[in-house]
Amino acid sequence: MNAQGPVRVGDVMTPELHSIDGVATVADAMEIMRGNGDDALVVNRRDETDEVGLVLASDVAREVIARNRSPERVNVYEIMSKPVLTLRPEMLTRYAVRLLVRFQVSRSIVVDRDRNPIGFVTLRDLVIGR
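Let us look at the structure shown here. (Residues numbered from 1 in each chain as written. Predicted model: local features only at pLDDT ≥ 70, side-chain atom pairs only at ≥ 80, totals over all residues. Heavy atoms only, no water.)

Some details on the packing of helix H2 (residues 26–36) against helix H3 (residues 57–65)
- Two elements in contact, H2 and H3, have axes whose closest approach is 11 Å; the angle formed by their N-to-C orientations is 145°. At the point where H2 passes H3, the crossing takes the left-handed sense. Touching Val-26, Met-30 and Met-33 of H2 are Ala-57, Val-60, Val-64 and Ile-65, all from H3.
- Class assignment of the residues belonging to the contact of H2 with H3 gives a composition of 7 nonpolar, no polar and no charged. (Axes fitted to C-alpha atoms, helices over the stretch in contact; angles between N-to-C directions. Helix = DSSP H or I, 4+ residues; strand = E, 2+ residues; numbered from the N terminus. Left-handed = near helix turned anticlockwise from the far one by under 90°. Contact = heavy atoms within 4.5 Å. Nonpolar A, V, L, I, M, F, W, Y, C, P; charged D, E, K, R; others polar.)

Considerations on the nonpolar core
- Core analysis: the biggest nonpolar cluster contains 14 residues, and Ile-20, Val-55, Val-76 and Ile-79 have the highest contact counts within it.
- Only H2, strand S2 (40–43), H3 and helix H4 (76–79) provide two or more residues apiece to this core.
- Non-local contacts of Val-55, meaning those with residues more than four positions away in its chain, are made with Met-33, Asp-39, Ala-40, Leu-41, Val-43, Val-76, Ile-79 and Met-80. (Core = buried A, V, L, I, M, F, W, Y, C linked by side-chain atoms within 4.5 Å. Buried < 20%, exposed > 50% of the residue type's maximum accessible area, 1.4 Å probe, protein only.)

Things to note about the packing of aromatic side chains
- Within this structure, the stated rule accounts for 0 aromatic pairs.
- Over the ring of Phe-120 we find Arg-107, and its NZ or CZ is 5.6 Å from the ring centre. (Phe/Tyr/Trp six-rings, centres within 6.5 Å; stacked < 30°, edge-to-face > 60°. Lys NZ or Arg CZ within 6 Å of the ring centre and 35° of its normal.)

Some details on the environment of Asn-36
- Checked against the element boundaries, Asn-36 lands in helix H2.
- For the pair Asn-36 and Gln-104, spaced 68 residues apart in sequence, the C-alpha to C-alpha distance is 26 Å.

Details of the sheet that holds strand S5 (residues 107–111)
- Spatially, S4-S5-S6 is the arrangement adopted by the 3 strands of the open sheet, whose pairing is mixed. In this open sheet, the two strands that pair with only one neighbour each are strand S4 (86–87) and strand S6 (117–122).
- Bridge count for S5 against S6 is 5 bridges, and the pairing is antiparallel. Among the inter-strand pairings, Ser-108 is bridged to a residue of S6, identified as Val-121. (Pairing = 2+ DSSP bridges.)

Concerning unusual backbone geometry
- Pro-83 follows Lys-82 through a cis peptide bond whose omega is -5°.
- A positive phi angle is found at Gln-104, which is not glycine, with a value near 55°.
- Inspection of the secondary structure assignment puts Gln-104 in the loop between helix H5 (93–102) and S5.
- A positive phi angle is found at Arg-115, which is not glycine, with a value near 70°.
- Here Arg-115 is to be found in the loop between S5 and S6.
- Here Arg-115 falls in the partly exposed class, since its relative accessible area comes to 29%.

Remarks on the sheet that holds strand S3 (residues 53–56)
- Across the sheet, which stays open at both edges, the 3 strands sit in the order S1-S2-S3 with mixed pairing between neighbours. In this open sheet, the two strands that pair with only one neighbour each are strand S1 (19–20) and S3.

With respect to the pattern of salt bridges
- Taken as a whole and assessed by the stated rule, the structure comprises 10 salt bridges.
- The shortest N-O distance in the salt bridge between Arg-46 and Asp-50 comes to 3.2 Å.
- Judged by relative accessible area, which is 9%, Asp-50 ranks as buried.
- Here Arg-88 makes a salt bridge to Glu-90, at a shortest N to O gap of 3.4 Å.
- A relative accessible area of 29% places Arg-88 in the partly exposed class. (Salt bridge = Lys/Arg side-chain N within 4 Å of Asp/Glu carboxyl O.)

And the structure:
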């Protein structure tokens, strides 16, 4: 807790995020990552009943580059993680840290009440703050 009160996920998240459709190619994802300096993209839901996904630069490295696959011939949905751990902005950071550590992930998507992505948060953000 700080002098202003408990710190919440929404206080330390990065509100800027970029997204891509699952049917896009990995080459498209790499271009968006490169253009925006991102190492992660939210994969859009197909409809209201679907969940968001996540594609990381490490997924591209492990599943495409290291396996000598063509980024132009691999779709994002083939290498993304889905479903992914999501957090609400109201959650206290100490609980968010526990959750990420328990599931051995280093980042999460922050979603609003309608499950729409509104930001990213990493363990570093949660521990050190912004």
